[in-house]
Amino acid sequence: MRSLVLGFFCLLCCNAAHPERRRPKLITANEQNDTTIQNNTVKNPCKAMPLDFIFVIDSSRSIRPKDYERVKTFIINLLQFLDVGHNATRVGLLQYGSVVQPEFSLNTYTTKAEVEEAVRNMKHLATGTMTGLAIQYTMEVALTEEQGARPMSLQIPRIAMIVTDGRPQDTVEEIAAQAREAGIQIFAIGVGRVEMNTLKAIGSKPHSEHVHLVANFSQIETLISVFKSKLCGGSDMCKVVEHQCQHICVSSPASYRCKCKKGFILNPDGKTCKADDRCAVVDHGCDHICVNLADGYECRCRPGYELTIDLKTCNRIDYCDLGNHGCEHNCVSLPGSYICSCKKGYVLNSDGKTCSKLDHCADGNHGCEQEFMNTETSCVCKCRNGFTLRSDRKTCQNVDPCADGAHGCEQESVSTEDSCVCRCRKGFTLRPDGKTCKSVDLCQTLDHGCEHVCVGTTDSYICKCNEGFLLAEDGKSCEKPGCHDGVMDLVFVIDGSKSLGPANFELVKQFVNSIVDSLDISRTGTHVGLIQFSTKVRTEFTLGQHITARDVKRAVTQMQYMGRGSMTGSALRHMFQFSFSEKEGSRLNIPRVCIVFTDGRSQDDVSEWASKAKNSGVTVYALGVGKAIEQELREIASEPAEKHLYYAEDFKQMGEITKKLKSRMCKDKPADENMCQCESVIMFQNQVTEKLKNLAQNIEAMSKKLETLENQVMQK
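Everything numeric here is computed off the predicted structure, so don't read it as measured data.

Looking at this structure, I do not really get the overall build of the protein. What am I missing?
Assigned secondary structure in the protein consists of 19 helices and 36 strands. Residue burial in the protein is summarised as follows: out of 716 residues, 40% are buried. Long-range contacts, defined as pairs at least 24 residues apart, comprise 57% of the intrachain contacts of the protein with a sequence gap of at least 6. As presented, the protein carries roughly 39,300 Å² of accessible surface, and 51% of it is formed by carbon and sulfur atoms.

How should I be thinking about the sheet that holds strand S5 (residues 184-191) in this particular structure?
Strand-to-strand pairing in sheets goes through backbone hydrogen bonds, with the strands running parallel or antiparallel. On the basis of which strands lie adjacent, the open sheet formed by six strands has the order S3-S2-S1-S4-S5-S6 and mixed pairing. Sheet topology places strand S3 (100-104) and strand S6 (211-214) at the edges, where each strand pairs with a single neighbour. Taken over all neighbouring pairs, the strand axes of this sheet differ in orientation by 20° on average, direction set aside. This element, helix H3 (residues 65-79), spans strand S1 (52-58), strand S2 (90-96), strand S4 (158-164) and S5 of the sheet and lies at about 170° to S1.

In this structure, what is going on with helix H13 (residues 549-557)? I would like to understand it.
Residues spaced three or four apart along an α-helix face the same direction, because each turn holds 3.6 residues. Buried within H13 are the following residues: Val552, Ala555 and Val556. Seen from one end, H13 has its buried residues packed into an arc of 100°, which puts them on one side. Those residues of H13 that are buried lie in contact with helix H12 (502-517), strand S32 (527-533) and strand S33 (537-541).

Mind showing me how you'd approach the pairing of strand S19 (residues 371-374) here?
Side-chain direction in a regular strand flips from residue to residue, so the side chains alternate between the two faces of the sheet. As defined by bridge partners, S19 adjoins strand S20 (residues 379-382) across four bridges and the pair is classed as antiparallel. Residue pairing in the sheet places Phe372 in a bridge with Cys381 of S20. In sequence, S19 turns back onto S20 through a hairpin of four residues.

I'm lost on the state of the cysteines in this one. Help?
Should the sulfur atoms of two cysteines be covalently bonded, the bond is a disulfide. For the structure shown, the criterion picks out 14 disulfides. With a sulfur-sulfur separation of 1.8 Å, Cys327 is cross-linked through a disulfide to Cys340. As the torsion about the S-S bond is roughly -75°, the Cys327-Cys340 disulfide counts as left-handed. Here Cys327, found in the loop between strand S14 (314-316) and strand S15 (330-334), pairs with Cys340, found in strand S16 (residues 337-341); they are 13 residues apart in sequence, far enough to count as distant. A residue is classified by how much of its surface remains accessible, and Cys327, at 10% relative accessible area, is buried. One disulfide bridge connects Cys450 with Cys463, the sulfur atoms lying 1.8 Å from each other.

Looking at this structure, I do not really get the sheet that holds S33. What am I missing?
What the six strands build is an open sheet, ordered S33-S32-S31-S34-S35-S36; its pairing is mixed. At either margin of the open sheet sits one strand with a lone partner, and together these are S33 and strand S36 (645-648). Taking each pair of neighbouring strands and ignoring which way they run, the sheet shows an average axis angle of 20°. As judged from the four bridges shared by strand S35 (residues 618-625) and S36, these two strands associate in the parallel manner. Bridge pairing in S36 links Gly624 to Tyr647.

Can you help me understand the packing of helix H5 (residues 131-142) against helix H6 (residues 173-181) in this one?
The description of two packed helices rests on the angle between their axes and on the distance between the axes. Packing of H5 against H6 brings their axes to within 9 Å, and their N-to-C directions diverge by 20°. Taken together, the axes of H5 and H6 are roughly parallel relative to one another. H6 is crossed by H5, and the crossing has left-handed handedness. From H5, Gly132, Ile135, Gln136 and Met139 reach across to H6, where they touch Ile175, Ala176, Gln178 and Ala179.

What am I meant to see in the pairing of S32 here?
In terms of residue burial, S32 counts as a mostly covered element, since seven of its seven residues are buried. Burial along S32 is two-sided: His527, Gly529, Ile531 and Phe533 facing one way and Val528, Leu530 and Gln532 facing the other are all buried. Here seven bridges tie strand S31 (residues 489-495) to S32, and the two strands are oriented parallel to one another. Note on S32: the bridge partner recorded for Val491 is Gly529. Handedness of the S31-H12-S32 crossover: right-handed. In this sheet, S33 lies alongside S32 in antiparallel orientation, the contact comprising four bridges. Within S33, the position partnered with Phe533 by the bridge is Val537. Taken together, S32 and the strand that follows it, S33, pair antiparallel across an intervening segment of three residues.

For this particular structure, what's the right way to read the nonpolar core?
General note: in soluble globular proteins, nonpolar side chains tend to be found buried as a group. Membership of the largest hydrophobic core comes to 34 residues, with the highest contact counts inside it found for Phe55, Phe74 and Met161. Ranked by residue count, the leading element in this core is H3, at seven residues. Dropping the residues within four chain positions of it, Phe55 is found in contact with Ile75, Leu78, Leu79, Val91, Gly92, Leu93, Leu94 and Met161.

Explanation requested: the packing of H12 against helix H18 (residues 654-665) in the structure shown.
Where H12 contacts H18, the two axes come as close as 10 Å, and the packing angle between them is 30°. Considering their axes alone, H12 and H18 lie roughly parallel with respect to each other. With respect to the hand of their crossing, H12 and H18 are arranged in right-handed fashion. From H12, Leu507, Val508, Phe511, Ser514 and Ile515 reach across to H18, where they touch Met654, Thr658, Leu661, Lys662 and Met665. Taken together, the residues of the contact of H12 with H18 sort by class into seven nonpolar, two polar and one charged.

Sorry, what's going on with unusual backbone geometry here?
Most of the time, phi is negative for any residue but glycine, and the peptide bond is trans. For the bond from Lys205 to Pro206, the omega torsion is 0°, close enough to zero to count as cis. Take Pro206: it is sitting in the loop between helix H7 (196-202) and helix H8 (207-210). Look at the link from Glu639 to Pro640: it is a cis peptide, with omega at -10°. As for its placement among the helices and strands, Pro640 is situated in the loop between helix H16 (630-636) and helix H17 (641-644).

How should I be thinking about the pattern of salt bridges in this particular structure?
Charged atoms that come close allow side chains of opposite charge to pair. In this structure the tally under the stated criterion is 16 salt bridges. For Arg70, the salt bridge identified is with Asp67, shortest N-O distance 2.8 Å. Of this pair, Arg70 and Asp67 are both found in helix H3, three residues apart, which corresponds to roughly one turn of the helix. Accessibility assignment for this pair places Arg70 and Asp67 in one class, buried. Between Arg634 and Glu630 there is a salt bridge whose closest N-O contact spans 3.1 Å. In this pair, Arg634 and Glu630 both sit in helix H16, four residues apart, roughly one turn of the helix. Residue classification places Arg634 among the partly exposed residues on the basis of a relative accessible area of 41%. The structure contains a network of salt bridges with shared partners spanning Arg64, Asp67 and Arg70.

Which parts of the structure should I look at to understand the environment of Leu442?
As for its position among the elements, Leu442 is in the loop between strand S26 (437-439) and strand S27 (453-456). Separated by 19 residues in sequence, Leu442 and Tyr461 place their C-alpha atoms 6.5 Å apart.

Can you walk me through the packing of aromatic side chains in this structure?
Two numbers describe a pair of aromatic rings. These are the distance of the centres and the angle of the planes. One pass over the structure, following the stated rule, counts six aromatic pairs. For the pair Phe53 and Phe55, a centre-to-centre distance of 4.8 Å together with 50° between the ring planes defines the contact as tilted. Of the two residues, Phe53 and Phe55, neither departs from the other in class, the shared state being buried. Seen in terms of ring centroids, Phe511 and Phe597 are 6.1 Å apart; in terms of plane orientation they differ by 35°. Their pairing is tilted. Within this pair, whereas Phe511 is found in helix H12, its partner Phe597 is found in strand S34 (residues 592-598), the two being separated by 86 residues in sequence. Judged by its relative accessible area of 3%, Phe511 is buried. Taking the ring centre of Tyr305 as reference, the NZ or CZ of Arg302 above it sits at 5.9 Å.

Cut-offs applied
- Residues numbered from 1 in each chain as written.
- Predicted model: local features only at pLDDT ≥ 70, side-chain atom pairs only at ≥ 80, totals over all residues.
- Heavy atoms only, no water.
- Helix = DSSP H or I, 4+ residues; strand = E, 2+ residues; numbered from the N terminus.
- Buried < 20%, exposed > 50% of the residue type's maximum accessible area, 1.4 Å probe, protein only.
- Contact = heavy atoms within 4.5 Å.
- Areas by Shrake-Rupley, 256 points an atom, 1.4 Å probe, with all protein chains shown as cover.
- Pairing = 2+ DSSP bridges.
- Axes fitted to C-alpha atoms, helices over the stretch in contact; angles between N-to-C directions.
- Arc of directions from axis to C-beta.
- Disulfide = S-S within 2.5 Å.
- Parallel < 35°, antiparallel > 145°, perpendicular 65-115°, else oblique.
- Left-handed = near helix turned anticlockwise from the far one by under 90°.
- Right-handed = clockwise from strand over helix to strand, strands pointing away.
- Core = buried A, V, L, I, M, F, W, Y, C linked by side-chain atoms within 4.5 Å.
- Nonpolar A, V, L, I, M, F, W, Y, C, P; charged D, E, K, R; others polar.
- Salt bridge = Lys/Arg side-chain N within 4 Å of Asp/Glu carboxyl O.
- Phe/Tyr/Trp six-rings, centres within 6.5 Å; stacked < 30°, edge-to-face > 60°.
- Lys NZ or Arg CZ within 6 Å of the ring centre and 35° of its normal.

In structure tokens:
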């Protein structure tokens, strides 16, 4: 046994003296089948580092079948120096011609025998030479974790060995550079007519280690010994050379590369690193502050400001507009904070939020004889019913002869300087008795000619129309109002900011439905769309979504209040870019109209997108209520502003601007300025008038009966 060990030791020493004898027996193309079993039984003579190794084989028509077999033999012989296994070296292979054909990926086989068998079974493509396409596939698919490559954090070298025999039919410089930059070490092997410059454009540096050119496929076997030293060297290049890498050195077969820590980039010298100051090298466009991140940068704002929707510009934070200030009366926004204030005649309580009314009468020195009342500025004296204040503004005198209730007036009584006189309400006249009233209804006695309703006045009458109709110019006939003979594509842009409040938002929805009632909405008539905006913009429904007024009004009624900021400019941009697009139902050669409703200042610019919309042919009406800014409304509205801009101090006046807007939108049917705003009131007045007339007739009949009865009693 001792002699056997001694003999084996001597054999190892001999092999060390003659390193060429330590190479495993290579397989030639002619003896491939005869040596397969032998090679599988020979133990791998070198211990290489783990690799993720991809063979990229040229399978173009310029390679003859015999040479194609030599390439396969070259691959099998090279495998003898690789420790193939799931936790060792993983091997994949693809061949290419006019297209890329993957044969097996890094995670397909886990033994060397399986890989050798797959190589022997490869079929020659015999097409074009798309080398660049093959390199791109290697980088984007073959050497990815999905295909079996291990994570880059494990620092296992990713190797691509490219074998080609001719000039590529596509460009290789740019894609090869991207692959090398992605951490792939490329060996370029050229056979025959390949230009050395092409190989250098593909292979990694130094080219002396990564680029090889042989005259023909018979000589490709001479490269086995070259790659044996590279693959079996086992040396950690980062440990044996003075790499001078500032951060990280990554070893690979026969070479190394420098790498930087996260948040740093490699300098052009390939050794040193610098902080990745993206803010300094890009046009970041940040309004206030640019902050570098590990994977890029972000814009930030100074205290008291907030980032707008474009993530670059900053707006001053309106702390009152956030809605959580708790002020009972008024909130005044300050840089970085806010304060509460009270209306005139009130004082701020100690909690800094609630208000108490300033009571000028509380000290009891008002001197009022009867009653007193606290106002915003002072304490004023009042008198009870039947009394009036004297010139001293403190004492009272009885000046109401009607106050005792003994005047006997049927309807109304009026005090004069020395008496109480009776008066009748509108539509009635006083009888000779000076107390009772009778109806004066010319509608009952004249041929008034009113088409719908006749309403008597004190000495005349007027014609009225039923709900949904307007009085014609002749003052008697009625006609249906609105734009029923007009066709348009109409988009509402509705403010849903929190300053509006849920109750007022319901009034806005009523306003929209009032406009809808005046339109001829149908498939061939007017189409209506609506978007709501606050901090964001939301399309409630598009122009092509509803074709009946009932469906439009139902959609408006179901609209949910957003209740945040007020980005009117973003809403105008959305309207211009999307709402009048063919995709959302806008029609060719149909007038485009937009009604913009807002109750306050916009948090972004409105002029740019309003101008673009108007220049593209959209007629824009601007409706403002309350704190709406006139200058912004003028920038939004079409010219002339007096025809396209409407403003109301509060939501109670919206009915008036609604009527004016209907009139302006339907120029050929102007609104009747004298028309009652509520036709139901007219109907109610007519009914009351009729009832009172009947009551007066009944009273008159009763009076006659009483008079007859009194005469009968007197005669007896």
